[in-house]
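# Notes for the structure review
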Amino acid sequence: MNCTSDLRREALALLKKFYGYQAFRPGQFEIIEAVAAGNDVVVLMPTGGGKSLCYQLPAMMKEGCAVVVSPLIALMEDQTSALVANGIPAAAIHSNRDETANREIIEAAYRGRIKLLYVSPERLLADLDTWVSHLPVSLFAIDEAHCISQWGHDFRPVYTQLSVLKQRFPSVPVMALTATADRLTRDDIITQLGMENPLRWVGSFSRPNLSLRVVQGASKKQRVATVAQMIRRYPNDSGIVYALSRKGAEDMHATLCAQGFRSVVYHAGLSADERARAQRSFTNGDVQVVCATIAFGMGIDKSNIRWVVHNNLPGNIESYYQEIGRAGRDGLPAETVLFYSYQDIIMRRHFIEESGRPLVATEKLDLMQKYAESTICRRRILLSYFGETAECDCGNCDVCLDPPSRFDGTVLAQKAGSAIIRTGQEVGIMTLTDILRGSVRAEIRQKGFDRIKTFGAGHDLPAPAWTAYIGQMIQLGLFEIAFDEANHLKVTPYGMRAIRGEIKVELSTFTPYTHTPRKQVPKEPPTPVDPVQQLFEQLKAVRKAVAAKAQVPAYVVFSDASLLDMAQKRPSSMEEFMKVSGVGERKGVRYGKRFISAIRKFEGMSASMPQGTSVKETLILHNAGVGLGEIAEIKGISVETVRSHIAQLIDEDMVTTFGNYISRTEYEDIARTLASDPEGKTLREKYSFGMISLAKAIMAYHQRAK
Ligand code: ADP
Ligand code: ZN
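What comes next is a walk through the structure. (Residues numbered from 1 in each chain as written. Chains lettered and ligands numbered in written order. Predicted model: local features only at pLDDT ≥ 70, side-chain atom pairs only at ≥ 80, totals over all residues. Heavy atoms only, no water.)

### Let's talk about the overall build of the chain
A count of helices and strands for the chain gives 34 helices and 17 strands. In terms of its C-alpha atoms, the chain occupies a principal-axis envelope of roughly 120 × 60 × 50 Å. Relative to its 706 residues, the chain shows a buried fraction of 55%. Sequence-distant contacts, at least 24 apart, represent 72% of the contacts inside the chain between residues at least 6 apart. (Helix = DSSP H or I, 4+ residues; strand = E, 2+ residues; numbered from the N terminus. Buried < 20%, exposed > 50% of the residue type's maximum accessible area, 1.4 Å probe, protein only. Contact = heavy atoms within 4.5 Å.)

### So, the packing of aromatic side chains
All told, the structure shown has 11 aromatic pairs when counted by the stated rule. Note on Y320 and Y371: the rings are 5.1 Å apart at their centroids and 50 degrees apart in plane angle, and the pair reads as tilted. Residue Y320 is located in helix α14 (residues 317–324), and its partner Y371 is located in helix α16 (residues 358–372); the two are separated by 51 residues in the primary sequence. Given the relative accessible area of 0%, Y371 is considered buried. Between F407 and Y469 the ring centres are 5.4 Å apart and the planes differ by 65 degrees, which places this aromatic pair in the edge-to-face class. Note that F407 is positioned in strand β14 (residues 406–408) and Y469 in helix α22 (residues 463–475), a separation of 62 residues in sequence. Judged by relative accessible area, F407 falls into the partly exposed class, the value being 25%. (Phe/Tyr/Trp six-rings, centres within 6.5 Å; stacked < 30°, edge-to-face > 60°.)

### Examining unusual backbone geometry
Residue N487 is not a glycine yet carries a positive backbone phi of 60 degrees. The topology assignment puts N487 in the loop between β15 (479–482) and β16 (488–491). Here the phi dihedral of Q551 falls at roughly 55 degrees; this positive angle occurs in a residue that is not glycine.

### Section: the pairing of strand β6 (residues 174–178)
Look at any regular strand and the pattern is simple: side chains alternate between the two faces of the sheet. Within β6, 5 of the 5 residues are buried, which leaves the element mostly enclosed by the surrounding structure. Pairing of strand β1 (residues 41–44) with β6, which is carried by 4 bridges, proceeds in the parallel orientation. Its bridge partner being in β6, V43 is matched across the sheet by L177. Both strand β5 (residues 137–142) and β6 contribute to a ladder of 3 bridges, which runs parallel. (Pairing = 2+ DSSP bridges.)

### Remarks on the coordination of the zinc ion (ligand 2)
Bound to the zinc ion (ligand 2) on the protein side are C377 (SG), C394 (SG), C397 (SG) and C400 (SG), at distances that span 2.4 Å. In this structure, the zinc ion (ligand 2) is coordinated by 4 donor atoms arranged in tetrahedral fashion, with angles at the metal of 102 to 119 degrees. Site description for the zinc ion (ligand 2): donor spacing in sequence, C-x16-C-x2-C-x2-C. Residue C377 is found in the loop between α16 and α17 (378–385), and its partner C400 is found in helix α18 (residues 398–401); the two are separated by 23 residues along the sequence. Exposure remark for C377: the relative accessible area of 3% places this residue in the buried category. (Donors = N, O, S within 2.8 Å, 3.2 Å for Na, K, Ca; no water. Tetrahedral: all angles 85-135°; square planar, octahedral: opposite > 155°, others 65-115°.)

### A short note on the sheet that holds strand β12 (residues 305–310)
Read from one edge to the other, the open sheet built from 6 strands follows the order β8-β13-β12-β9-β11-β10, with strand pairing classed as parallel. What marks the edges here is a single partner per strand, and that holds for β8 (210–216) and β10 (263–266). Each neighbouring strand pair of the sheet contributes to a mean axis angle of 15 degrees, computed without reference to strand direction. In terms of strand pairing, β12 meets strand β13 (residues 334–340) through 4 bridges, oriented parallel. Residue pairing in the sheet places H310 in a bridge with L338 of β13. (Axes fitted to C-alpha atoms, helices over the stretch in contact; angles between N-to-C directions.)

### Let's talk about the nonpolar core
Counting residues in each nonpolar core, the largest one holds 72 residues, and the members touching the most others are Y371, L432, I470, M473 and F479. The leading source of residues in this core is α22, at 7 residues. Excluding residues within four positions of it along the chain, M473 makes contact with L412, A413, A416, W466, L478, F479 and L507. Formed by 61 residues, the second largest nonpolar core is a distinct cluster that contains L332, M566, Y661 and M691. (Core = buried A, V, L, I, M, F, W, Y, C linked by side-chain atoms within 4.5 Å.)

### Considerations on the side chain of T336
Along the chain, T336 falls in strand β13. Residue classification places T336 among the buried residues on the basis of a relative accessible area of 1%. Looking at T336, its side chain comes within polar contact range of the main-chain oxygen of S211, at 2.7 Å. When neighbours within four sequence positions are excluded, T336 is seen to be in contact with S211, L212, R213, V308, Y320 and I324. (Polar contact = N/O pair within 3.5 Å; in protein donor to acceptor, adjacent residues only side chain to side chain.)

Here it is as structure tokens:
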């Protein structure tokens with residue numbers, strides 16, 4: 001038999017048992033295989049792509065303990081509670097816990113009782129000479145590995161010291177994982193970590209379930225209306241509004257609260273406590289929206305975020321893609337909207353100049369702007385940015401759904417161009433728009449702009465249309481923004497040719513903004529009469545109650561994708577329940593009863609499961625390591641019945657461990673008595689019927705084994 005198929009079988013069995021999934025996603029097994037062979041691996045997959053499994057499964061398959069380097073405590077806690085909920089022994093070492101507790105965790109790891117240990121890079125480096133050096137480490141997994149590179153957008157100097165891992169533990173495989181890395185960053189990760197000829201897995205960045213929409217020049221009122229509409233569209237789910245500044249986030253938050261929505265605000269200006277609280281109420285689903293700066297998100301492992309709105313243009317495509325990628329991690333449809341104005345570009349430029357790393361950052365901003373102004377399928381641009389080629393248009397972005405029509409805009413370009421020239425090339429986009437529209441505001445009169453020949457020459461078009469067209473003219477290279485001269489517009493030589501009528505200018509028709517896309521981008525949520533949707537909502541309520549009782553975030557119980565699968569499959573027995581995607585053994589045992597009875601009620605059946613039909617269910621629970629009393633309780637049957645199920649299963653050679661159901665002394669006593677009294681009449685006084693049949697089954701089993 002060949003090794004790969006053995007390994008695959010083992011890995012698949014663990015995937016089913018612990019996660020309740022039937023198949024690997026692309027790349028997951030290849031990565032597991034590489035680690036099993038002792039190789040280093042770089043994993044580049046989009047957010048929601050399924051990176052965690054790539055190190056969690058090898059951790060369970062290998063001897064020793066995997067050390068996971070993770071930058072945020074909140075993230076560690078969420079990940080470990082999700083693992084524990086699946087029955088995987090994991091824990092985190094961090095400074096928010098007292099040292100005795102940390103010590104206990106380390107002791108447990110020494111004894112092989114913990115398979116995954118999460119730790120911050122600072123802590124790992126500080127403790128290298130103490131506990132880390134004695135721990136049998138199976139694997140180092142470095143999450144958010146792009147933090148190691150100065151080329152990335154989230155450089156953290158401490159990450160660069162992680163190169164010491166390969167020096168100190170040359171034979172331990174290192175896996176670096178990130179959702180955002182261009183080629184430069186990727187190479188940097190490999191060199192800086194000192195990886196040896198690693199497997200580089202670059203997963204597909206396509207997230208077809210995310211709809212993409214970009215809206216230029218919407219007013220504040222329109223932006224708020226869009227957010228409000230999202231909240232109403234997904235009243236029981238949550239979304240994120242990203243703003244450029246703290247003030248922007250605060251503003252949006254205040255406006256939404258005033259309209260009665262449940263919102264929290266999150267930015268770096270808040271205290272650690274306030275931030276932790278905001279994050280908790282978001283992950284627990286207590287609020288409908290978080291208004292945040294980019295400080296928010298890295299720790300977010302919530303699979304049912306249904307929408308993300310950017311109130312301002314992000315600084316680069318990596319950040320943008322990572323931020324929108326937080327929506328729809330469960331694979332179900334999710335919406336994204338990007339609002340964008342020239343003011344954003346100017347602000348961003350300003351930031352970049354202050355940051356002192358202008359070259360790379362400016363280039364990245366330019367690409368971001370090109371994306372926002374694109375008149376071809378937006379997903380194609382995103383994918384090509386990450387080095388993938390899309391063979392066809394995506395059909396789920398605003399350009400695809402509502403392709404811009406084109407018209408001859410030469411006259412418009414001439415009007416705009418000559419107005420720029422006549423002002424001495426000393427106006428920005430806003431003032432130019434006002435001049436063309438014939439606005440008589442004070443500044444325009446003072447400067448005498450109301451007396452130039454083209455004043456009011458474009459009064460027939462609304463201001464947002466002019467702003468959009470001027471933007472297109474800039475993209476076409478007719479004008480330039482002089483960022484070093486108060487952002488004034490300059491006519492390029494190419495633009496002069498347009499003014500002189502030597503070239504034709506083709507523009508895309510501006511569509512006035514409405515907050516419902518004209519051709520509906522996402523499906524409206526199904527009406528409540530749809531039974532699947534109805535059951536789905538009920539299951540969410542069950543999940544919420546279960547999560548509250550267990551004091552874990554709802555998605556740790558089940559993801560939305562699992563609940564939806566459940567609502568579609570409607571399992572009414574334990575056996576069927578185990579087939580739902582995302583139901584591993586531990587969760588099946590722990591939550592099965594609650595969810596099944598909700599489903600049975602929904603179907604108009606009696607809430608309790610049919611009794612006695614299910615020797616198989618007993619087997620499932622037995623295999624999951626559930627004890628006698630617990631099996632009886634979960635199934636609502638007596639321990640005697642469980643014993644007789646087990647006896648039957650032993651007869652079929654399905655069960656070969658009996659210690660949970662009968663003690664050795666009891667067994668030997670019964671066996672001895674039966675040897676002299678095959679009818680076993682005297683036994684009835686001492687032992688129950690279930691116990692006797694169990695002992696008989698075990699005796700027969702031993703007989704067969706001989
Ligand atoms: P990432 O870390 O790449 O952002 P996660 O590891 O959190 O992504 O995975 C995203 C979601 O996909 C999780 O809900 C996870 O359980 C699910 N998932 C991962 N692998 C599989 C698989 N093979 N089959 C089904 N769902 C999966
Ligand atoms: Zn498209």
